[in-house]
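Observations on the three-dimensional arrangement
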Amino acid sequence: MNLPHTLAALFVAATFLGSPAWAGEGHDHGETAPAAVGQALPRFSAVSETFELVGVLSGKQITLYLDRFGDNSPVRGAQIELEIGGAKFKAEKQGEDEYEVVLPEAPKEGVLPVTATVTAGNEVDLLAGELDIHEAAHADEAAHTHSWTEYAGWGAGGLAALVLLAWGGRRVMSARSVRAGGAA
């Protein structure tokens, strides 16, 4: 097999093996979203026919989000009293749509019952939920990274595929020249 045919076979193999898959119309997913790193903060939710309350625990601070159940619109100017594990706390307004409770100390691991009394205008409602605090089983596990051995494996596989294509192309070309020479 002469040099131009070998180069052509290598070019074709590199084109198919090295190019990314082409998406059809409407199937371009664009840039991939970055993977979430770290663990999610413990949270609870409490729902009634009128309100939906979500609390997010960060250390000893609980940030509360209160919405109307029917249309998910934020409830502004409400008074929220929480009872967590038998202790009562009054939420303070933070910003337009958030409320905050600061606990005397961070809660211990386990499941804590949460009861909220919500007063918004002349509406009063009692909501109940549970705050589940557990250390994540893999909190210290790092995000997956590729080692050089993975890249080396892919490179060796690609190189082997190129060699096989070149060898197969050479055999096809030599078979053609034998047939062409025999007919003359």
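Residues numbered from 1 in each chain as written. Predicted model: local features only at pLDDT ≥ 70, side-chain atom pairs only at ≥ 80, totals over all residues. Heavy atoms only, no water.

**Describing the sheet that holds strand β4 (residues 79-84)**
The strand order across the open sheet built from four strands is β5-β4-β8-β9, with neighbouring strands paired in antiparallel fashion. Single-partner strands in this sheet number two, and they are β5 (87-90) and β9 (123-133). Strand-to-strand twist in this sheet, taken as the mean axis angle between neighbours without regard to direction, amounts to 20 degrees. By the bridge criterion, four bridges tie β4 to β5 in an arrangement that is antiparallel. For Ile 84, the partnering residue across the bridge sits in β5 and is Ala 87. (Pairing = 2+ DSSP bridges. Helix = DSSP H or I, 4+ residues; strand = E, 2+ residues; numbered from the N terminus. Axes fitted to C-alpha atoms, helices over the stretch in contact; angles between N-to-C directions.)

**Section: the pattern of salt bridges**
Applying the stated criterion across every chain yields a total of four salt bridges. A salt bridge links Arg 76 to Glu 96; its shortest N-O distance comes to 3.5 Å. A residue pair is termed long-range when its members are at least 10 positions apart, and Arg 76 in the loop between β3 (61-68) and β4 and Glu 96 in the loop between β6 (92-94) and β7 (98-102) qualify at 20 residues. Exposure remark for Arg 76: the relative accessible area of 48% places this residue in the partly exposed category. With relative accessibility at 55%, the residue Glu 96 sits in the exposed group. The shortest N-O distance in the salt bridge between Arg 76 and Asp 97 comes to 2.9 Å. One end of the pair, Arg 76, is in the loop between β3 and β4; the other, Asp 97, is in the loop between β6 and β7, with 21 residues separating them in the sequence. (Salt bridge = Lys/Arg side-chain N within 4 Å of Asp/Glu carboxyl O. Buried < 20%, exposed > 50% of the residue type's maximum accessible area, 1.4 Å probe, protein only.)

**Details of the pairing of strand β1 (residues 43-47)**
Residue alternation in β1 divides its side chains into a buried set, Phe 44 and Ala 46, and an unburied set, Arg 43, Ser 45 and Val 47. The sheet contact formed by β1 and strand β2 (residues 51-58) spans five bridges and is antiparallel. In the sheet register, Arg 43 faces β2, and the bridge partner there is Val 56.

**A look at the sheet that holds β3**
Strand order in the open sheet formed by five strands is β1-β2-β3-β7-β6, with antiparallel pairing between adjacent strands. In this open sheet, the two strands that pair with only one neighbour each are β1 and β6. Neighbour to neighbour, the strand axes of the sheet diverge by 30 degrees on average, direction disregarded. Where β3 lies against β7, four bridges are found, and the strand directions are antiparallel. Its bridge partner lying in β7, Gln 61 is registered against Val 102.

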